[in-house]
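Chain by chain, the residues:
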Amino acid sequence: MSVHAFVFPGQGSQSVGMGQALHEAFASARAVFQEVDDALETHLSKLMFAGDADELTRTENAQPALFAVSMATVRALEAEGAFRLSDKAALVAGHSLGEYSALAAAGTLGIAEGARLLRLRGQAMQRAVPAGEGGMAALLGVDEEQAASICTDAAQGETLEIANDNGGGQIVISGHIGAIDRAIALAKERGIKRAVKLPVSAPFHSSLMAPAAREMEEALGVAKISAPAIPVIANVTAAKATDPAVIRDLLVRQVTGTVRWRESVQAMAAMGVTNMHELGSGKVLCGLARRIAPDLAADNAGTPAEIEALLKTL
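The written sequence of each chain sets the order in which its residues are numbered from 1. A pLDDT threshold of at least 70 governs which residues receive local features in this predicted model, and a stricter bar of 80 or more applies before side-chain atom pairs are shown or counted, although totals over entire chains, interfaces and linings include all residues. Hydrogens and water molecules were not included; the side-chain quantities draw on all heavy atoms of the structure.

A. Structural detail: the overall build of the chain. When helices and strands are tallied, the chain shows 15 helices and ten strands. The C-alpha atoms of the chain give 19 Å as radius of gyration, which agrees with the globular expectation for 314 residues (20 Å, within 12%). Projected onto its principal axes, the C-alpha coordinates of the chain cover approximately 55 × 45 × 35 Å. Each of the 314 residues in the chain was classed as buried or not, and the buried ones make up 54%. Looking at the chain alone, contacts between residues at least 24 apart form 73% of all its contacts between residues at least 6 apart. Under this rule, positive means Lys or Arg and negative means Asp or Glu; His and the chain ends count for nothing. By convention, charge coordinates are those of NZ in Lys, CZ in Arg, CG in Asp, or CD in Glu. For the chain, the separation between the mean place of its 27 positive charges and that of its 35 negative charges on side chains is 2 Å. For helices the rule is a DSSP run of H or I covering at least 4 residues; for strands it is a run of E covering at least 2, with both sets numbered from the N terminus onward. The size measure is the radius of gyration over C-alpha atoms, and the globule rule it meets is 2.2 Å times the number of residues to the 0.38 power. Think of it in three bands: residues with accessible area under 20% of the maximum for their type are buried, residues over 50% are exposed, and the middle band is partly exposed, with areas taken using a 1.4 Å probe on protein chains only. Should any heavy atoms of two residues lie within 4.5 Å, those residues are considered in contact.

Shown next as structure tokens:
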């Protein structure tokens with residue numbers, strides 16, 4: 001018997017044109033894009049469909065935009081299949097901002113609430129560290145112990161931490177820009193397969209994001225958060241979360257904490273998940289899942305054709 005989990009992408013999966021085919025094909029998707037535009041009091045959908053790539057990539061835009069496409073996919077899937085996602089899924093999870101999409105898909109957050117929180121999250125993360133002072137780098141062909149050693153040795157009194165343990169030998173580190181540069185040089189000295197600076201504007205998922213975490217704690221404190229219809233695998237614990245108070249705390253901790261994606265996928269596989277479906281504007285999580293848990297069947301849906309194909313398997 002197949003056991004399904006739905007997962008949601010994080011920042012980096014955005015591109016101009018995202019969601020436009022969904023908008024054209026499904027009234028349910030159009031309603032999501034309109035709700036997000038109304039909640040943010042801006043034409044975010046126009047930026048997504050035919051805007052400037054640099055403007056879309058800005059954290060405060062990319063985060064709610066990726067959320068909007070994921071939720072449009074969810075609502076289209078539900079409308080076309082005449083079911084609730086929670087009736088078909090054992091679990092949901094999302095990578096970084098994708099955790100908000102997972103929570104909304106599970107009924108914990110409303111779409112307007114999620115969009116507003118992610119707009120604030122993006123702005124708060126950008127404000128936390130002055131431009132040019134922080135950054136991130138991807139290390140490929142490393143395990144967690146090797147990455148931690150590089151962070152320790154390259155920090156030299158500055159902040160440098162593991163931000164994402166993505167699995168498949170891919171670990172992202174985050175911190176002060178000088179420490180990032182030293183880590184890249186050190187990784188090459190130690191024979192690491194690849195070390196590359198990422199095109200991001202801030203050191204996400206590091207302790208340097210503490211000011212943003214404080215802003216999110218205040219916002220989440222007054223946000224309407226309900227118990228999810230199905231369990232959500234949290235980034236910072238790689239374990240199930242169902243209690244609203246715990247979920248609030250986990251979302252605050254996530255701003256500065258490591259995204260434990262490798263362990264999250266392993267946990268889902270250990271819980272009996274056989275099929276993982278990535279919903280929205282991304283295919284990255286599918287690729288990672290195949291390397292983390294090769295027996296897991298992984299696919300993605302973010303276009304009308306992909307939704308039609310997925311419906312045949314559910």
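From this point on, the discussion continues.
B. Representation of the environment of A270 in the model. Structurally, the position occupied by A270 is in helix α13 (residues 261–270). For A270, a relative accessible area of 68% gives the class exposed. Sequence separation between A270 and A293 is 23 residues, and the spatial gap between their C-alpha atoms is 9.8 Å.

C. Structural detail: the pattern of salt bridges. A pair is scored as a salt bridge if a Lys or Arg side-chain nitrogen falls within 4 Å of a carboxyl oxygen belonging to Asp or Glu. Throughout the structure, instances matching the rule amount to twelve salt bridges. Notably, a salt bridge pairs R58 with E60, separated by 2.7 Å at the nearest N-O pair. A residue is classified by how much of its surface remains accessible, and R58, at 39% relative accessible area, is partly exposed. For R75, the salt bridge identified is with E78, shortest N-O distance 3.1 Å. Of this pair, R75 and E78 both sit in helix α5 (residues 59–81), three residues apart, roughly one helical turn.

Bear in mind that shape data such as this cannot, by itself, settle questions of function.
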